[in-house]
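# Coordinates in review
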Amino acid sequence: MFRATLRFACPALFALTATAALAHGPTPQKIDQSVSIKAKPDAVWKVVGDFGGIKNWHPDLEKSVGEGGNKEGGSRTLTFKSGGVLKEGLDEWKADGFTYSYRSGDPDLKALPVSSYSATITVTPEGDGSKVEWMGRFYRGDTGNEPPDNLSDAAGREAMNKFFADGLKGLKAKIEGAATQ
């Protein structure tokens, strides 16, 4: 009797398990980029540590407007040259550790094809200069089970990697260019 019940229960259990697997939502995506800069950490921090001043070194941005300063709870609004506006909130800012963490507000899929993200920027000594690391965690733009290509995990990774890479290149150029003048 037990074997007969098990034989009929197993297909039902398998179907339930398969359905649960298909209903799986998006998984968090992670990126981590860094750049070496020929300047001391305190000089790099003077530029990158101004949460609202990201436009001063990020070439993809038309403007950035900060509110609340470099304090937890502060915010910035980023306007992209390619279109789109994002609002970000400052979660943690530690001048003595040369690091801050922030997160997105409402998504703007034109700016970045992600539904939400959080990121941390950290400046550390590296030889005679500095290393700037920018780490992010995000979810794709469409959190449904079958997102369109432009809102997929791959699209989110590509856009976030480009945004971080462009920013780090801009930061390096801003600081090293200023140091040579």
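One structure accompanies this document, and this report is about it.

Cut-off values and rules
Residues numbered from 1 in each chain as written. Predicted model: local features only at pLDDT ≥ 70, side-chain atom pairs only at ≥ 80, totals over all residues. Heavy atoms only, no water. Helix = DSSP H or I, 4+ residues; strand = E, 2+ residues; numbered from the N terminus. Contact = heavy atoms within 4.5 Å. Salt bridge = Lys/Arg side-chain N within 4 Å of Asp/Glu carboxyl O. Buried < 20%, exposed > 50% of the residue type's maximum accessible area, 1.4 Å probe, protein only. Pairing = 2+ DSSP bridges. Phe/Tyr/Trp six-rings, centres within 6.5 Å; stacked < 30°, edge-to-face > 60°. Core = buried A, V, L, I, M, F, W, Y, C linked by side-chain atoms within 4.5 Å. Axes fitted to C-alpha atoms, helices over the stretch in contact; angles between N-to-C directions.

A few words on the environment of Leu171. Mapping Leu171 onto the fold places it in helix H3 (residues 153-179). As a C-alpha pair, Leu171 and Ile54 span 117 residues in sequence and 9.1 Å in three-dimensional space. Once residues lying within four places of it in the same chain are set aside, the contact partners of Leu171 are Ile37, Val47, Val48, Trp57 and Val132.

All chains considered together, the criterion is met by seven salt bridges. With a closest N to O distance of 3.4 Å, Lys94 and Glu92 form a salt bridge. Among the salt bridges present, the one from Asp153 reaches Arg140, with a minimum N-O distance of 3.5 Å. With Asp153 in helix H3 and Arg140 in strand S7 (residues 129-140), this residue pair connects regions lying 13 residues apart in the sequence. The same class applies to Asp153 as to Arg140, namely buried. Overlapping salt bridges bring together Asp60, Lys162 and Asp166 as one network.

This part takes up the pairing of strand S1 (residues 29-37). Here S1 shows a buried face lined by Gln29, Ile31, Gln33, Val35 and Ile37 and an unburied face lined by Lys30, Asp32, Ser34 and Ser36. Examined bridge by bridge, S1 and S7 share nine bridges and lie antiparallel to one another. Bridging across to S7, Val35 finds its partner in Val132.

With that settled, consider the packing of aromatic side chains. Under the counting rule described, the total for this entry stands at 11 aromatic pairs. Between Trp45 and Phe98, the ring centres sit 5.8 Å apart and the planes meet at 45°, which makes this aromatic pair tilted. Remark: Phe98 occurs in the loop between strand S4 (85-94) and strand S5 (99-104) and Trp45 occurs in helix H2 (residues 41-48); sequence separation between them is 53 residues. Accessibility expressed as a relative area gives 8% for Trp45, which makes it buried.

Attention shifts here to the nonpolar core. In summary, soluble globular proteins display a tendency toward joint burial of nonpolar side chains. Val48, Leu112, Val132 and Trp134 are the most contacted members of the largest nonpolar core, which has 34 residues in total. Listing elements by their share of this core, those giving two or more residues are S1, H2, strand S3 (75-80), S4, S5, strand S6 (114-126), S7 and H3. In terms of residue count, H3 provides more of this core than any other element does, seven residues in total. Once residues within four sequence positions are removed from consideration, Leu112 is found in contact with Phe80, Leu86, Tyr117, Ala159, Met160 and Phe163.

In spatial order, the strands read S1-S7-S6-S5-S4-S3-S2; together these seven strands make up an open sheet with antiparallel pairing. Pairing within the sheet leaves two strands with one partner each, and these edge strands are S1 and strand S2 (61-67). On average, adjacent strands in this sheet sit at an angle of 20° to one another, irrespective of strand direction. One ladder, built from six bridges, connects S2 with S3; its direction is antiparallel. If you follow Lys63 over to S3, its bridge partner there is Thr79. Here H2 sits on the sheet in contact with S1, S4, S5, S6 and S7, set at roughly 155° to S6.

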